Amino acid sequence: MASLKALVPPKPITLYSSVVCPWAARTWIVLTQANVEFEYVEIDLKNKPEWFLKEVNPGGKVPTLKYGDDIIIESAITTEFVADLFPEAQLIPRDPFLRAQSRLMADRFSEFLFPIYREVYYSGNPGSDAKIFDAIDKFLPYLKDAKPFFGGSDHLTLAEILIAPFLSRIYLVLESGLVGDETLKTLASDPKYEYFNTWAQNILATPGLKGTFDKTANLAWVKERYASV
Ligand SMILES: N[C@@H](CCC(=O)N[C@@H](CS)C(=O)NCC(=O)O)C(=O)O
C-alpha cells in the first residue's frame, strides 16, 4: 500500500483530464490512490486548447498522460502504466492466477454493468430496476473475495480503479432523484445485494474516489443529458 509520503516518479508526470470524463477518471484515480506526485491539467472538451492538440495529443482525447517527454494514451493503458511504474503501491496482484482473476473481474464489469452506465448515465435514460439487478446478478460471481477490495486487499486495486468511474456515476444517478429511489433502497436492504453494495460503497469512500469525483460537475452533466432526451 502507498505510504503517506508521495511517490515521486522517475520522470515528471502530467495528466490531461476532464472532471466529467470517466475514462480520464481512471488515470486520475490511480495517481491519487497511489499518492503519486503529478501535475493535473483540466481540458475543456467543448473548447479544446490549440496547444493541447498541437503539442500534446493531436488525437484530442483525455486521458492523456505525459511521462517525461513521452505521451501515453488510452485509459486502460495509462492506468496499468502507473500501476507498473509503482509496484510498491501494490495495485496489481503479483500472483499470475490472481492477476488473471482481477482482469476477469474488470472485464465482466464491462460486459454486464457498463451497458447500465451507458443507459442510465450517458444516454440519460432511467432504465429499469430489472435490468440493473439482472446485470448485478451476472457480475456477482466474479466479485470474489472483494472484502473490502479484490483479493482481500485493504486498498483499491487496478481492477476496481478501472471500474470505479462507471460505478460512481451509476450510483450518482441512483442518488440524484433523476430516477426513482427503489433501486437504491433494494441495494441497501436486500441481503442478496449486500455484498455488492458494500463493495461499491467501500470504493466510493476511498481517497482515490473522494479526491477526484466532482459530484457537482458530473450531476450537472447528467442532468443536462436527461433534459435533452
Ligand atoms: N478509449 C478511450 C476513451 C477516452 C474518451 O473517449 N475520452 C473522451 C472524453 S470522456 C474525449 O476525450 N473526448 C474528446 C474527443 O473525442 O474529441 C480511453 O479509454 O482512454
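Residues numbered from 1 in each chain as written. Predicted model: local features only at pLDDT ≥ 70, side-chain atom pairs only at ≥ 80, totals over all residues. Heavy atoms only, no water.

1. Focus on the sheet that holds strand S3 (residues 64-67)
Taken together, the four strands give an open sheet; going across it, the order is S2-S1-S3-S4, and neighbouring strands pair in mixed fashion. Edge positions in the open sheet fall to strand S2 (39-42) and strand S4 (70-73), since each of these has one partner strand only. Taking each pair of neighbouring strands and ignoring which way they run, the sheet shows an average axis angle of 20°. In the sheet, strand S1 (residues 13-17) pairs with S2 via four bridges, with the strands oriented parallel. Bridge pairing in S2 links Thr14 to Glu39. Along the sheet face, helix H1 (residues 22-33) touches S1, S2 and S3 and points at about 145° away from the line of S1. Lying over the sheet, helix H3 (residues 75-85) contacts S1, S3 and S4, oriented at roughly 120° with respect to S4. (Pairing = 2+ DSSP bridges. Helix = DSSP H or I, 4+ residues; strand = E, 2+ residues; numbered from the N terminus. Axes fitted to C-alpha atoms, helices over the stretch in contact; angles between N-to-C directions. Contact = heavy atoms within 4.5 Å.)

2. Considering the site of the ligand
Residues in contact with the ligand, as listed here, are Cys21, Trp23, Leu45, Lys48, Gly60, Lys61, Val62, Pro63, Glu74 and Ser75. Take Val62: an N or O atom from its main chain is 2.9 Å from an oxygen atom of the ligand. Look at the ligand: alone it shows 510 Å² of surface, and the protein chains cover 72% of it. (Near = heavy atom within 4 Å. Polar contact = N/O pair within 3.5 Å; in protein donor to acceptor, adjacent residues only side chain to side chain. Areas by Shrake-Rupley, 256 points an atom, 1.4 Å probe, with all protein chains shown as cover.)

3. Some details on the side chain of Ser168
Mapped onto the secondary structure, Ser168 falls in helix H7 (residues 158-176). If we skip the residues at most four places from it in the chain, Ser168 touches Leu204, Leu209 and Phe213.

4. Details of the nonpolar core
With 65 residues, the main nonpolar core has Ile136, Phe139, Leu167, Phe196 and Trp199 as its most contacted residues. Here the element with the most residues in this core is H7; it accounts for 13 residues. The contacts of Trp199, once residues within four sequence positions are left out, are Met105, Phe139, Leu143, Ala146, Pro148, Glu160, Ile163 and Leu167. By size, the runner-up hydrophobic cluster in this structure holds eight residues, among which are Tyr16, Ala24, Phe52 and Val62. (Core = buried A, V, L, I, M, F, W, Y, C linked by side-chain atoms within 4.5 Å. Buried < 20%, exposed > 50% of the residue type's maximum accessible area, 1.4 Å probe, protein only.)

5. Quick word on the domain arrangement of the protein
When the domains of the protein are assigned, the result is domain 1 (13-89) and domain 2 (96-228). In this structure, domain 1 and domain 2 have C-alpha centres spaced 22 Å apart. Across the boundary between the two partners, domain 1 contributes 18 residues, which contact 23 residues of domain 2. Taken together, the connections running from domain 1 to domain 2 amount to one salt bridge. With its nearest N and O atoms 2.6 Å apart, the salt bridge here joins Glu80 to Arg103. Here domain 1 and domain 2 share five residue pairs in polar contact (both at pLDDT 80 or more) between them. Every element with two or more residues in the side of domain 1 that touches domain 2 is listed here: H1 and H3. Top element by residues in the side of domain 1 that touches domain 2 is H1. It accounts for nine residues. Split into classes, the residues belonging to the side of domain 1 that touches domain 2 amount to 12 nonpolar, three polar and three charged. (Domains from an automatic or database assignment. Salt bridge = Lys/Arg side-chain N within 4 Å of Asp/Glu carboxyl O. Nonpolar A, V, L, I, M, F, W, Y, C, P; charged D, E, K, R; others polar.)

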